[in-house]
Amino acid sequence: MNLFDSINRRKSCRNYTGQPFGKEQLEEIAEAISGFEPLYPDVPLEYRFVTKAKGIFKVQAPHYLIISGQGQEKESENAGFLFQQLILWFDAHNIGSVWLGKTKDIENPSDKDPNGKDIIVIAFGQASESVHRREDEFKRKPINEITDYPADPCIQAVRLAPSGMNLQPWYLEKSGDKLLLYKQSLKPPLSLVYKKTEVDMGIALCHYALACRHFDRPFAFNRKDEEASKKGYRLFGELLTPANLEK
Ligand SMILES: Cc1cc2nc3c(=O)[nH]c(=O)nc-3n(C[C@H](O)[C@H](O)[C@H](O)COP(=O)(O)O)c2cc1C
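Residues numbered from 1 in each chain as written. Predicted model: local features only at pLDDT ≥ 70, side-chain atom pairs only at ≥ 80, totals over all residues.

Help me out: how do you make sense of the pairing of strand β3 (residues 63-69) in this one?
With seven of seven residues buried, β3 is to be regarded as a mostly interior element. Neither face of β3 is left uncovered, since the one carrying His63, Leu65, Ile67 and Gly69 and the one carrying Tyr64, Ile66 and Ser68 both have all their residues buried. One ladder, built from five bridges, connects strand β1 (residues 46-50) with β3; its direction is antiparallel. In the sheet register, Phe49 faces β3, and the bridge partner there is Leu65. Across seven bridges, the pairing between β3 and strand β6 (residues 117-125) is antiparallel. Bridged to Ile67 within β6 is Ile120. (Buried ≥ 20, exposed ≤ 12 C-beta atoms within 10 Å, placed from the backbone. Helix = DSSP H or I, 4+ residues; strand = E, 2+ residues; numbered from the N terminus. Pairing = 2+ DSSP bridges.)

Below you can see the structure in the form of structure tokens.
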């Protein structure tokens, strides 16, 4: 399954037929998830399927996938990275889906489970609209607003990544033989409303990694968390660049 091909055609789906999938189809989805790569193999994640959820900006769908962890650091970006592969897999299978940042499980809320912490939700199901769009229909920042190295096709894949409120909170800067990945520091009132920027960063890294695989380049990510001279941003990590690879 070439998930890369779905990067430039997927879209969030907010209209569903309401017809639920059967046990077999849910098992097929679970099997697909077990084949996806995590960003950090040592940061465990769990997930469960539910049919009822609540919250603001919720989308009515036949299924919700609730992703949870143990309250450890780096879980959110790991969740974005791993489950963006599922979002692309859904696109490849003509299944609609959308990330939901403010939606909660009604029946088993994680605040009642001492061992679990819910991170993020994905609504999915049979769509009553097209689950694809043309590349020129993506509403995204121009490439020069997210990088000073626009020729890199892996960064072009990052540009198309979905993010909460479509904030696209990433910037990639070429620095010698490294590619620095920055995370935008949100300010109030936005920072009070939106708290899923790390999920967004994982999603962006997923697109970068899939593009590396597609263009036969190695993917290596080194996590950092440092103040940066770039105003309004923090350093989030370093990536390999083509310059490294030419050596
Ligand atoms: C972490 C995250 C949280 C999101 N939360 C919501 C949400 O609560 N409700 C919603 O309708 N869309 C939500 N979205 C979908 C975004 O609005 C959407 O990805 C963005 O506007 C880009 O549009 P596209 O996905 O169609 O390319 C979320 C996306 C991400 C990545």
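When you look at the sheet that holds strand β10 (residues 233-240) in this model, what are you seeing that I'm missing?
Hydrogen bonds between backbone atoms are what pair the strands of a sheet, whose relative direction is either parallel or antiparallel. Pairing within the open sheet is antiparallel, and its four strands lie in the order β7-β8-β10-β9. Each end of this open sheet is capped by a strand with a single partner; those strands are β7 (170-175) and β9 (221-227). For this sheet the average axis-to-axis angle between neighbouring strands, irrespective of direction, equals 25°. Sheet topology places β9 next to β10; five bridges connect them, and they run antiparallel. If you follow Phe221 over to β10, its bridge partner there is Leu239. (Axes fitted to C-alpha atoms, helices over the stretch in contact; angles between N-to-C directions.)

Help me understand the domain arrangement of the protein, please; the structure alone is not making it clear to me.
For the protein, the assigned domains are domain 1 (4-125) and domain 2 (139-246). Just the C-alpha atoms count here: the centres of domain 1 and domain 2 sit 22 Å apart. Contacts between the two partners involve 17 residues from domain 1, matched on the other side by 19 residues from domain 2. Every element with two or more residues in the side of domain 1 that touches domain 2 is listed here: α1 (4-7) and α3 (75-92). The dominant element in the side of domain 1 that touches domain 2, judged by the number of residues it contributes, is α3, at eight residues. When its residues are assigned to classes, the side of domain 1 that touches domain 2 shows seven nonpolar, eight polar and two charged. (Domains from an automatic or database assignment. Contact = placed C-beta atoms within 7 Å. Nonpolar A, V, L, I, M, F, W, Y, C, P; charged D, E, K, R; others polar.)

It is not clear to me how the site of the ligand should be interpreted in this structure. Could you clarify?
Neighbouring residues of the ligand: 20 residues in total, closest Phe57, Gly101, Pro162, Gly164 and Asn166. Elements that contribute at least two residues to the shell around the ligand include exactly β4 (96-100) and α6 (197-214). Partitioned by chemical class, the residues of the shell around the ligand number 10 nonpolar, five polar and five charged. In this structure, the shell around the ligand is formed jointly by two domains, domain 1 (4-125) and domain 2 (139-246), each of which donates at least three residues. (Near = placed C-beta within 6 Å.)

I would appreciate a short explanation of the nonpolar core in the present structure.
The nonpolar side chains of a soluble globular protein tend to be buried with one another. With 61 residues, the main nonpolar core has Ile67, Val121, Ile122, Ala123, Val158, Trp170 and Tyr208 as its most contacted residues. Both domain 1 (4-125) and domain 2 (139-246) contribute no fewer than three residues apiece to this core. Apart from the residues lying within four places of it in its own chain, the contact partners of Val158 are Ile146, Trp170, Leu172, Ala204, His207 and Tyr208. (Core = buried A, V, L, I, M, F, W, Y, C linked by C-beta atoms within 7 Å.)

Help me out: how do you make sense of the packing of α3 against α6 in this one?
Relative placement of two packed helices is described by the angle separating their axes and the distance separating the axes. Remark: α3 packs on α6, axes separated minimally by 6 Å, with the N-to-C direction vectors making an angle of 45°. Classified by the angle their axes make, α3 and α6 are oblique. Here α3 and α6 pass one another in a crossing that is right-handed. Only Glu198, Val199, Asp200, Met201, Gly202, Ile203, Leu205 and Cys206 of α6 make contact with α3, whose side of the interface consists of Ser76, Glu77, Asn78, Ala79, Gly80, Phe81, Gln84 and Gln85. Broken down by class, the residue content of the contact of α3 with α6 amounts to seven nonpolar, six polar and three charged. (Parallel < 35°, antiparallel > 145°, perpendicular 65-115°, else oblique. Left-handed = near helix turned anticlockwise from the far one by under 90°.)

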